[in-house]
Amino acid sequence: MILSNPVTESLLMSATLANVVQVRSQLVIEVLAYLDDLATRMAELPGYYPQHVQIESIRQTVQVIEERQQYERWRAEEREWLRASGHDVEHLAYAPRRSRAESGEDQERRADRPAPPPPIPWDETAAERFKRAIILGDPGFGKTWLLKYEARRIALEQARRVREHNVNLEKDLVFPIFVRLSQLNQSNDPIEQALVNLVCRKSSIAGFRAFVERKLTTEHCVVLLDAWDEVPVEVPPDGQPLAFKPHYRQRLGERLEAFARQFSAPRLLLTSRIVGYDQEFSSPLPDHPRELELLAFDGPQIESFARAWFADATPFLSMLQQTHQVRGLARIPLMLALMCRAYQEKQLAFPTRRADLYDRCLRGLLREWKQEKERREISVAYVDRLLRMLADVGCVLFEHGLEQFSETVLADEIEQWLKGQDVPLEFRKSTPTLLIEKLKREGILIKVGDNSDAPPLLFLHRTFHEYLTARSLARQGWQTIAAQVDKKAWSPRWREVITLLAGQLEDPVPLLTMLHQKEPTETNPYGDDFFSHRLALAAQCLPEAHSTLLKHKSTEIADRVTTNVFNLWWGHQQNYTTEVVSHLTAALPALGQVNAQVPPGTPLLVHLSQLLTVRDWRIRQEAVKALGVLGIGAATAEVLTVLLTTLRTDEDAGVRGYAAEVLGALGSGAAAAEVLTALLTTLRTDENALVREVWVVRTRRRRCSRRS
């Protein structure tokens, strides 16, 4: 028998308590170190951001998707129509209408649908509303930004609570985990095991690993999974079933579903590009999680972003107001950041065409902004040649349908380019590997995922890849350009390339003439189609080409394109058949920007203003609608004056209602004191309730339906 000894028992208890306290203290230290490290990593921004801009200063908005099945049915019907027309729809790399915030397309289709729930500003309140959600958005819309904001917000709050001894680690502390899905895809381990391995890779304390494992079983854990679309899709051989191989999206989906079902307590948010998500038509999470879509920035968000960037944002916002050619790009957060950075170069005029803006941004990343940071001179000639290499290689990748590409594929293309006879000597001394590393450092090439031996790459934004492709194509002879455009004009994937090409040709008249012609050509034996899709593409080329046309006094082609597009659209508008030519409706804002002439030698905006004075109320109503479709380019002083007169004096309530709607839709373009005062006065005093109803219902629907 062992006799108890009070002194011995006391010493043992003291030693045990001291050991527990020590272990507990180590756990607190590990948790704090993890939270602090996560908060720091989540705050890191690209090098072109000024140091004073913080991730918390940029807020985003999401839209709850309630009609995905209806939308997908519409898309399936559109694809079927395109397929029946002989168009290639099986190899679309993205959905242009969903990803072009600057274009404002598809508004006519959405205007007749029930208005979705109002947009939700993303903050801690919104975050807590959605326990399981898929956050969808197009490139540059800030999907990763939103998850990083959420991870940093939680990490900072929980670290503060730990330091203030205001939290129980086991019961109360909320534990955030941020990981890119490409990281989880590096192993075939169960998701819970892979998450723990990633979180604990910097820790050697067994207790911390056990703590993370316990947290995954509780509601005090938030798992943030980024970039579902970056995981490659398994494509089995013809006739073979899916094998669900490791390192592919289908297998990762199985693992995610198993994790989500077994670990049902934690909050879970997953992001994906819209197209990468649509390709599967199903969620990687079980039980129909909520689907949210990131919205493009609206006017107040653009202003808030600019005020966070500039000490005095008024000059930048004023410039943006006056350059409607590139103003739509400001709705894309990534492009707005690059526009702010480009505007800081006071010695240079701000670009008024998209192609010029892309060129300025690329040169800034490669030279001007880098010189400012590193305080060393970089040759303009070297940057010119580097951009030429980027354009030629990017064009080859684009022609092969490669939006994402491996370093091996890119290195092979660069190697082929370096073997060219006219390659500068300094490039012959470089290796593809060195050039790729340089482009990654400058932020022009982005890795798809982290912590991988060979992650795929893509360009900073899809539009930069399209611009570089157009830049390379513009250097080729006209016969080559004509053959390419004739073949690719039907492809939605090539539409932006051709549009940007128009702005880089020394003489865009042949291109516009070819697109404008309805007659067949040698390479396109069918000519334009019945609905004039190529004519609409010619109209979309005009804003990029117009300054060159003015320079060479070759504006006749702009007048012809404007006249034909507008007359065709107007005829369908009169017959209530604009639904079948929605591509022409999408092209009208380009006509508003250029304001070319229609017969008999009258600028388009003047022509529509004159139609507001005719006796037939139906023509006046359609003219008002047309001004609304033309968009911000129609917000000239003369047009606003005519619209105000119509709003105050037109004898028809429907015409007055549409005038009110158009003035509201023009947004900041009509935000003059005189316009706002007249608008509010009329809405308060107009005796006809239809005017007020049209304003309230249509404006609300227009605002709520802007998802792209």
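Every chain is numbered independently, its residues counted from 1 as its sequence is written. In view of the model being predicted, local features appear only for residues whose pLDDT reaches at least 70, and side-chain atom pairs are presented and counted only at 80 or more, with totals across whole chains, interfaces and linings using the full set of residues. As a rule here, side-chain values come from all non-hydrogen atoms in the structure, and water together with hydrogens is ignored.

### Considering the overall build of the chain
Note the threshold: Helix and strand assignments follow DSSP, with helices taken as H or I runs no shorter than four residues and strands as E runs no shorter than two, numbered in order from the N terminus. Residue exposure (1.4 Å probe, protein chains only): buried if accessible area is under 20% of the type maximum, exposed if over 50%, otherwise partly exposed. Should any heavy atoms of two residues lie within 4.5 Å, those residues are considered in contact. Method for areas: the Shrake-Rupley scheme with a 1.4 Å probe, in which residue coverage is limited to the protein chains shown.
Looking only at helices and strands, the chain features 33 helices and 11 strands. Classification of the 708 residues of the chain by burial places 54% in the buried group. Within the chain, counting contacts between residues at least 6 apart in sequence, those at least 24 apart form 73% of the total. Accessible area of the chain: about 32,700 Å², with a carbon and sulfur share of 52%.

### What about the pattern of salt bridges?
Any two side chains of opposite charge can pair, on the condition that their charged atoms come close. Applied cut-off: A pair is scored as a salt bridge if a Lys or Arg side-chain nitrogen falls within 4 Å of a carboxyl oxygen belonging to Asp or Glu.
The full count for this structure, using the stated rule, is 31 salt bridges. When the shortest N-O distance is used, the salt bridge between Arg 214 and Glu 170 registers 2.5 Å. Within this pair, whereas Arg 214 is found in helix α9 (residues 206-215), its partner Glu 170 is found in the loop between α6 (143-163) and β4 (175-180), the two being separated by 44 residues in sequence. On the basis of relative accessible area, Glu 170 is assigned to the partly exposed category, the value being 28%.

### Topic: the packing of helix α17 (residues 380-399) against helix α21 (residues 462-474)
Short version of the rule: The angle between two axes is taken between their N-to-C directions and runs from 0 to 180 degrees, where each axis is a line fitted to C-alpha atoms and a helix contributes only its stretch in contact. Angle categories: roughly parallel below 35 degrees, roughly antiparallel above 145, roughly perpendicular from 65 to 115, and oblique for all the rest. Only Asp, Glu, Lys and Arg are considered charged in this grouping, and only Ala, Val, Leu, Ile, Met, Phe, Trp, Tyr, Cys and Pro are considered nonpolar; every other residue, Gly among them, is considered polar.
Here α17 crosses α21 at 105°, and the two axes come no closer than 7 Å. Our classification of the angle between α17 and α21 gives roughly perpendicular. For the pair α17 and α21, contact is made by Leu 387, Leu 390, Ala 391, Asp 392, Gly 394, Cys 395, Leu 397 and Phe 398 and by His 465, Glu 466, Leu 468, Thr 469, Arg 471 and Ser 472, respectively. When the residues that make up the contact of α17 with α21 are grouped by side-chain class, the tally is 7 nonpolar, 4 polar and 3 charged.

### Description of the sheet that holds strand β7 (residues 290-294)
To keep it simple, the criterion reads: The pairing criterion for strands is at least two bridges between them, as found by DSSP.
In spatial order, the strands read β2-β1-β7-β3-β6-β5-β4; together these 7 strands make up an open sheet with mixed pairing. If you trace the sheet from one side to the other, it starts and ends with β2 (120-121) and β4, each paired once. Here 3 bridges tie strand β1 (residues 61-64) to β7, and the two strands are oriented antiparallel to one another. Of the residues in β7, the one forming a bridge with Val 64 is Leu 292. Most of the contacts of helix α8 (residues 191-199) go to β4, to which it runs at about 100°, and overall it touches β4 and β5 (221-226).

### Here's the deal with the packing of aromatic side chains
In plain terms, the rule: Here a pair means two rings of Phe, Tyr or Trp (six-membered ring of Trp) with centres within 6.5 Å. Their orientation is stacked below 30 degrees between planes, edge-to-face above 60, and tilted elsewhere.
This model, assessed by the stated rule, comprises 23 aromatic pairs. Plain terms: the ring middles of Phe 305 and Trp 309 are 6.1 Å apart, the flat faces sit at 20° to each other, and that makes the pair stacked. With Phe 305 and Trp 309 both in helix α12 (residues 299-309), this residue pair falls 4 residues apart, about one helical turn. Given a relative accessible area of 2%, Phe 305 falls into the buried group. For Trp 309, a relative accessible area of 2% gives the class buried.

### Here's the deal with the pairing of β5
Among the 6 residues of β5, 6 are classified as buried, and the element is accordingly described as predominantly covered. Looking at chain direction, β5 and strand β6 (residues 267-273) are connected through 4 bridges and run parallel. Each bridged residue has a counterpart across the sheet, and for Leu 224 the counterpart in β6 is Leu 269.

### Quick notes on the pairing of β1
Judged by which residues are buried, β1 turns out to be covered on both faces: Thr 61 and Gln 63 on one side and Val 62 and Val 64 on the other are all buried. Where β1 meets β2, 2 bridges bridge the pair, whose relative direction is antiparallel. Across the sheet, residue Thr 61 finds its bridge partner in β2, namely Pro 121.

### A few points about the side chain of Asp 229
For clarity, the cut-off: Under the convention used here, Asp and Glu are negative, Lys and Arg are positive, and both His and the chain ends fall outside the count.
Note that Asp 229 resides in the loop between β5 and α10 (249-262). Arg 273 provides the closest opposite charge to the buried, unpaired Asp 229, separated from it by 4.3 Å.

### Points about the packing of α12 against helix α15 (residues 333-343)
Our working rule: Each crossing gets its handedness from the near helix: less than a right angle anticlockwise from the far helix is left-handed, clockwise is right-handed.
Between α12 and α15, the shortest axis-to-axis distance is 11 Å and the interhelical angle comes to 40°. Our classification of the angle between α12 and α15 gives oblique. Relative to α15, α12 is oriented so that their crossing is right-handed. Each of Ile 302, Phe 305 and Trp 309 in α12 lies in contact with α15, whose residues at this interface are Pro 333, Leu 336, Ala 337, Cys 340 and Arg 341. Grouping the constituent residues of the contact of α12 with α15 by class yields 7 nonpolar, no polar and 1 charged.

### A word on the environment of Leu 588
Within the secondary structure, Leu 588 sits in helix α27 (residues 582-594). Here the alpha-carbon distance between Leu 588 and Ala 539, two residues 49 residues apart in the chain, equals 7.6 Å. Aside from chain neighbours lying at most four places away, what touches Leu 588 is Val 565, Trp 569, Val 629 and Leu 630.

### Points about the confidence of the model for the chain
This is how the line gets drawn: Each residue carries a pLDDT value, the predictor's own confidence for that position, ranging from 0 to 100.
Across the chain, the average pLDDT comes to 80, with 79% of residues at or above 70. A low-confidence stretch, residues 17-21 stays under pLDDT 50, and its non-local contacts, those more than four residues away or across chains, total 0 contacts. Every residue in residues 104-113 is under pLDDT 50, and counting partners more than four places away or in other chains gives 26 contacts.

### Concerning helix α23 (residues 495-502)
Along α23, 8 of the 8 residues are buried, which leaves the element largely enclosed by surrounding structure. Among the residues of α23, Arg 495, Glu 496, Val 497, Ile 498, Thr 499, Leu 500, Leu 501 and Ala 502 are the ones counted as buried.

### Overview of unusual backbone geometry
Note the cis peptide between Pro 599 and Pro 600, where omega equals 0°. Here Pro 600 is to be found in the loop between β10 (597-598) and β11 (602-603). You will see that Ser 532, though not glycine, has its phi angle at about 60°, which is positive. Along the chain, Ser 532 falls in the loop between α24 (509-516) and α25 (533-551). You will see that Lys 553, though not glycine, has its phi angle at about 55°, which is positive. As for its placement among the helices and strands, Lys 553 is situated in the loop between α25 and α26 (556-574).

### A few points about the side chain of Gln 301
Formally: Whenever a nitrogen or oxygen atom comes within 3.5 Å of another N or O atom, the pair is scored as a polar contact, on the condition that within protein one atom can donate a hydrogen and the other can accept it, and that pairs from neighbouring residues in sequence are kept only if both atoms are in side chains.
Inspection of the secondary structure assignment puts Gln 301 in helix α12. Judged by its relative accessible area of 13%, Gln 301 falls in the buried class. A polar contact is formed between the side chain of Gln 301 and the side chain of Thr 61, at a distance of 2.9 Å. If we ignore the near neighbours within four places in the chain, the residues touching Gln 301 are Arg 59, Gln 60, Thr 61 and Ala 296.

### Regarding the environment of Thr 645
Mapping Thr 645 onto the fold places it in helix α30 (residues 637-649). Measuring from C-alpha to C-alpha, the distance between Thr 645 and Leu 612 comes to 9.6 Å, with 33 residues separating the pair along the chain.

### Remarks on the environment of Val 62
Its place among the elements puts Val 62 in strand β1. Residue Val 62 is classed as buried on the basis of its relative accessible area, which comes to 0%. Along the primary structure Val 62 and Ala 126 are separated by 64 residues, whereas in three dimensions their C-alpha atoms are 9.2 Å apart. Not counting the four nearest positions on each side in its chain, Val 62 is found in contact with Pro 119, Ile 120, Trp 122, Leu 146, Leu 292, Glu 293, Leu 294 and Leu 295.

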